[in-house]
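Each chain, letter by letter, is given below.
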Amino acid sequence: HKIQFKKRAPRAIREIRKFAAKAMTTKDVRIDTKLNKFVWSNGVRNVPTRVRVRMSRKRNEDEEAKEKTFTLVQHVPVESFKNLQTETVRDD
């Protein structure tokens, strides 16, 4: 809602992290560079209103990591946000 201009894009990134952590139940959330570039594309003030993301839970390769899994959040470019549904894809 009300947020000062200079904190808009960093706040958007934080909100994406928060959403991904809640949806995927992992504390470790990594944001893809393309998604970061998209959020920052209009500068710090004019953040895009909506963004379509793909979230995937991956295993941590690092043995000493605290968490066994992490979430990778990627940008999915779409022409329109009309009639979009959440798609769950399971690959075991």
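Relevant structure appears above.
## As for the overall build of the protein
When helices and strands are counted, the protein shows two helices and three strands. Dimensions of the protein, computed from C-alpha atoms along their principal axes, come out at roughly 40 × 30 × 20 Å. Counting the 92 residues in the protein, one finds 23% classified as buried. The long-range share in the protein, meaning contacts at least 24 apart out of those at least 6 apart in sequence, stands at 56%. Carbon and sulfur atoms provide 47% of the accessible area of the protein, an area that totals close to 8,000 Å². Counting 24 positive and 12 negative side-chain charges, the protein places the centres of these two groups 13 Å from one another.

## Here we look at the sheet that holds strand β2 (residues 53-59)
If you walk across this open sheet you meet the three strands as β1-β3-β2, and the pairing is mixed. Looking at strand neighbours, the two that pair on one side only are β1 (29-31) and β2, the edges of this open sheet. Averaged over all pairs of adjacent strands, the angle between strand axes in this sheet comes to 25°, irrespective of strand direction. As paired elements, β1 and strand β3 (residues 69-75) share three bridges and run parallel to each other. Bridge assignment links I31 to a residue of β3, and that residue is V73. Against the sheet, helix α1 (residues 8-24) engages β1, β2 and β3, with an angle of about 135° to β1.

Cut-offs used in this document
Residues numbered from 1 in each chain as written. Predicted model: local features only at pLDDT ≥ 70, side-chain atom pairs only at ≥ 80, totals over all residues. Heavy atoms only, no water. Helix = DSSP H or I, 4+ residues; strand = E, 2+ residues; numbered from the N terminus. Buried < 20%, exposed > 50% of the residue type's maximum accessible area, 1.4 Å probe, protein only. Contact = heavy atoms within 4.5 Å. Areas by Shrake-Rupley, 256 points an atom, 1.4 Å probe, with all protein chains shown as cover. Lys, Arg positive; Asp, Glu negative; His and termini not counted. Charge placed at Lys NZ, Arg CZ, Asp CG, Glu CD. Pairing = 2+ DSSP bridges. Axes fitted to C-alpha atoms, helices over the stretch in contact; angles between N-to-C directions.

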